[in-house]
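These are the residues of each chain, in order.
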Amino acid sequence: MPELMIKEQTLIYLDYHATTPTDPRVAEKVLASMTSQFGNASSTDHVFGDKAAAAVSQAAQHLAQLVGASPKEIIFTSGATESINLAIQGTIAASHDSLPRIAISPVEHQAVLDTCKALEKRRRAEIIYLRVDSQGRLDLNHLEQTCRDGVSLLCVMAANNEIGNIYPIEKIGRIAQNHNIPFLCDGSQAVGKIPINVAEWGITYLAVSGHKFYAPQGVGALVVKRGYTLEPILFGGGHQKGLRSGTLNLPGIVGLGEACRWRQLEMVQDESAIAAKRDRLQAQLAEKIPELIINGDINSRLAGNLHISIPGIPNSAIIARVRGKLAISRGSACSSGVEAPSHVLRAMNLPEDVIEGALRIGIGKFTTEAEIDQAADILASTVKDISRLLAEN
Ligand SMILES: Cc1ncc(COP(=O)(O)O)c(C=O)c1O
């Protein structure tokens, strides 16, 4: 699976952090909800509406079960970006603090960083940056001190979209709870890959993105723990308890729910197979490219993540040569198309040549061993070619 034929050559997809292909079993349900089982979940006057509402409630149950929440705590959105905006802007709008302070990790996704920066620019909030080390690990003592000093919201992702680090969310949630601080956890890269438990881990808001775990793009959710108040950012028909107006995206929601159901059943087994493939690729690359550096926390990272640098070999040179054969990336998928050095690697204070040589490889459930072996050969021979060229000049 997913094979895209480009000029009769098979392109290998290794960018699962950017997006995943939709699981065909999920796509089947999505299609049915668009054709035969369609309806507006708010149409209370006929059976089409009733069935759509029942499908939404079933999807909420599947998601709730996967992340240890109650179905009543789920708000469906267009994706994690919207969920994050709702949690952050909604918290600040509901806050009684004169200048609310938001503590964030510097390696958060742009959706968190830019939402906070926009609020800061409008003088609606002050940002407090947490500290990370050269492996992107959070300084938990500093986090606890920051919470003790008092903040209105704490934002820490469950797993990083570039280096793949898995953060100790249970510990962080306990700290937030001890200091009575609402805690937004961006679960985009983690949900469906590692266990998450909203009820037991002290998470107040959990952002979820469907297309990171084999559901379609453009659907996500925000889990809002009971008892917490948010102001809406979208107004209209008062859907979803007035927190997110707009006709529910039935096909997307059905897909999200079905993907959650499969993740619940297959996550452990899939992730261990994915880790074995990642380790195989890492071992082959380390053998073929002696200068290879692995970035991030190798003791606590996502099974499908391999973040490497080859100092002295610019990542752009590699990408330019492999793009017809291999889909890997320099960092997070960027909507503006502007090339900027990764803020994650900058926050980790890595040397310039390590940042310039950084490549993110994302392995998923449809990656085959044959693709892994081919990818290792393609990367190694490309690095050799570039090294030779650089040595000649
Ligand atoms: C960690 C993280 N947060 C948030 C997002 C945004 O998710 P969405 O594409 O659903 O808006 C992404 C997607 O790249 C992500 O990786």
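As a convention, each chain's residues are numbered from 1 in the sequence order in which they are written. Totals for whole chains, interfaces and linings use every residue, but because this is a predicted model, local features are given only for residues with pLDDT of at least 70 and side-chain atom pairs only at 80 or more, for both listing and counting. Processing note: side-chain calculations cover all non-hydrogen atoms of the structure and skip hydrogens and water entirely.

Can you break down the overall build of the protein chain residue by residue, with the values?
A run of H or I in DSSP becomes a helix once it reaches four residues, and a run of E becomes a strand once it reaches two; helices and strands are each numbered from the N terminus. Of the regular secondary structure elements, the protein chain holds twelve helices and 13 strands. Computed over C-alpha atoms, the radius of gyration of the protein chain comes to 22 Å, within 12% of the 21 Å expected from 2.2 N^0.38 for 393 residues, which places it in the range of a compact globule. C-alpha atoms of the protein chain, sized along the principal axes, occupy 70 × 55 × 35 Å. Burial status follows relative accessibility: with a 1.4 Å probe on protein chains alone, a residue under 20% of its type maximum counts as buried, one over 50% as exposed, and anything between as partly exposed. Looking at the protein chain as a whole, 55% of its 393 residues are labelled buried. Restricting to contacts in the protein chain with at least 6 residues of sequence separation, those with at least 24 account for 72%. Accessible surface for the protein chain amounts to roughly 17,500 Å². Of this, 50% is attributable to carbon and sulfur atoms. Atoms counted for the radius of gyration: C-alpha only. Globule rule: 2.2 Å times residue count to the power 0.38. For this analysis, residues touch if any pair of their heavy atoms sits within 4.5 Å. Method for areas: the Shrake-Rupley scheme with a 1.4 Å probe, in which residue coverage is limited to the protein chains shown.

Run through the domain arrangement of the protein chain, naming residues and quoting values.
For the domain bounds, the source is a domain assignment made automatically or taken from a database. Each assigned domain of the protein chain is listed with its residue range as follows: domain 1 (24–263) and domain 2 (267–392). Each of domain 1 and domain 2 has a C-alpha centre, and the two are 28 Å apart. Summed over both partners, the accessible area lost on bringing two parts together, with a 1.4 Å probe, is the buried area. Of the roughly 2,300 Å² buried where domain 1 meets domain 2, counting both sides, 55% is carbon and sulfur surface. What makes a salt bridge here is a side-chain nitrogen of Lys or Arg within 4 Å of a carboxyl oxygen of Asp or Glu, nothing more. Across the contact surface, domain 1 and domain 2 share one salt bridge. For the purposes of these results, a polar contact is taken to be a pair of N or O atoms within 3.5 Å, where, inside protein, one atom must be able to donate a hydrogen and its partner to accept one; residues adjacent in sequence count only when each atom of the pair is a side-chain atom. At the surface where domain 1 touches domain 2, the tally comes to twelve residue pairs in polar contact (both at pLDDT 80 or more). For the side of domain 1 that touches domain 2, the elements supplying multiple residues, two or more each, are helix H1 (24–34), helix H4 (110–121) and helix H8 (250–288).

Which residues make up the site of the ligand, and what are the values?
Whether a residue is near a molecule or strand depends on its heavy atoms: if one lies within 4 Å, it is near. In the vicinity of the ligand lie 13 residues, with Thr81, Asp186, Gln189, Ser209 and Lys212 positioned nearest. Between the ligand and the protein, one listed contact pairs an oxygen atom with a backbone N or O atom of Ala80 at 2.9 Å. Bound to the protein, the ligand loses 86% of the 390 Å² it would expose on its own. It is helix H3 (residues 80–94) that provides the largest number of residues to the shell around the ligand, a total of three residues. The classification used treats Ala, Val, Leu, Ile, Met, Phe, Trp, Tyr, Cys and Pro as nonpolar, Asp, Glu, Lys and Arg as charged, and all other residues, Gly among them, as polar. Partitioned by chemical class, the residues of the shell around the ligand number three nonpolar, eight polar and two charged.

I'd love a proper account of helix H12 (residues 369–392), names of residues and values included.
Taking 1.5 Å as the rise per residue, H12 with 24 residues should run 34 Å; its terminal C-alpha atoms sit 35 Å apart, in good agreement. What H12 keeps buried is the set Glu371, Ile372, Ala375, Ala376, Ile378, Leu379, Ala380, Thr382, Val383 and Ile386. An expected span of 1.5 Å times one less than the residue number is assigned to each helix.

Give a description of the pattern of salt bridges that names residues and reports values.
Summed over the entire model, instances satisfying the criterion amount to 16 salt bridges. Glu258 is the salt-bridge partner of Arg261, the closest N and O atoms lying 2.9 Å from each other. With a gap of three residues between them, Arg261 and Glu258 both fall in helix H8, about one helical turn apart. Between Asp270 and Arg263 there is a salt bridge whose closest N-O contact spans 2.6 Å. Taking relative accessible area as the criterion, Asp270 reaches 12% and is therefore assigned buried. Among the charged side chains, a network of salt bridges with common partners joins Asp23, Arg25, Arg263, Glu266, Asp270 and Lys365.

Go over the environment of Gly49 with me, naming the residues and quoting the values.
Mapping Gly49 onto the fold places it in helix H2 (residues 47–67). Looking at Gly49, the relative accessible area reads 1%, which means it is buried. Apart from residues lying up to four places away in sequence, Gly49 is in contact with Asn40, Ala41 and Ser43.

An account of the sheet that holds strand S7 (residues 183–186) is requested, with residue identities and associated values reported.
In any sheet, the strands associate via hydrogen bonds between backbone groups, in a parallel or an antiparallel arrangement. Judged by pairing direction, the sheet is mixed, and its seven strands sit side by side in the order S3-S9-S8-S7-S6-S4-S5 without closing on themselves. A strand with exactly one partner marks an edge of an open sheet, and here the two such strands are strand S3 (74–77) and strand S5 (126–129). Across the sheet, the mean angle separating the axes of adjacent strands is 20° when strand polarity is ignored. Strand pairing is assigned whenever DSSP identifies at least 2 bridges connecting the two strands. Judged from the three bridges that link them, strand S4 (residues 101–104) and strand S6 (residues 153–155) form a sheet pairing that is parallel. Note on S6: the bridge partner recorded for Ile102 is Leu153. To obtain an axis, a line is fitted to C-alpha atoms, over the contacting stretch when the element is a helix, and the angle between two such axes runs from 0 to 180 degrees between their N-to-C directions. The strands that H2 touches are S3, strand S8 (205–209) and strand S9 (220–224); relative to S3, the one it contacts most, it runs at about 110°. The strands touched by H3 within the sheet are S3, S4, S6, S7, S8 and S9, with S8 carrying the most contacts at an inclination of about 160°.

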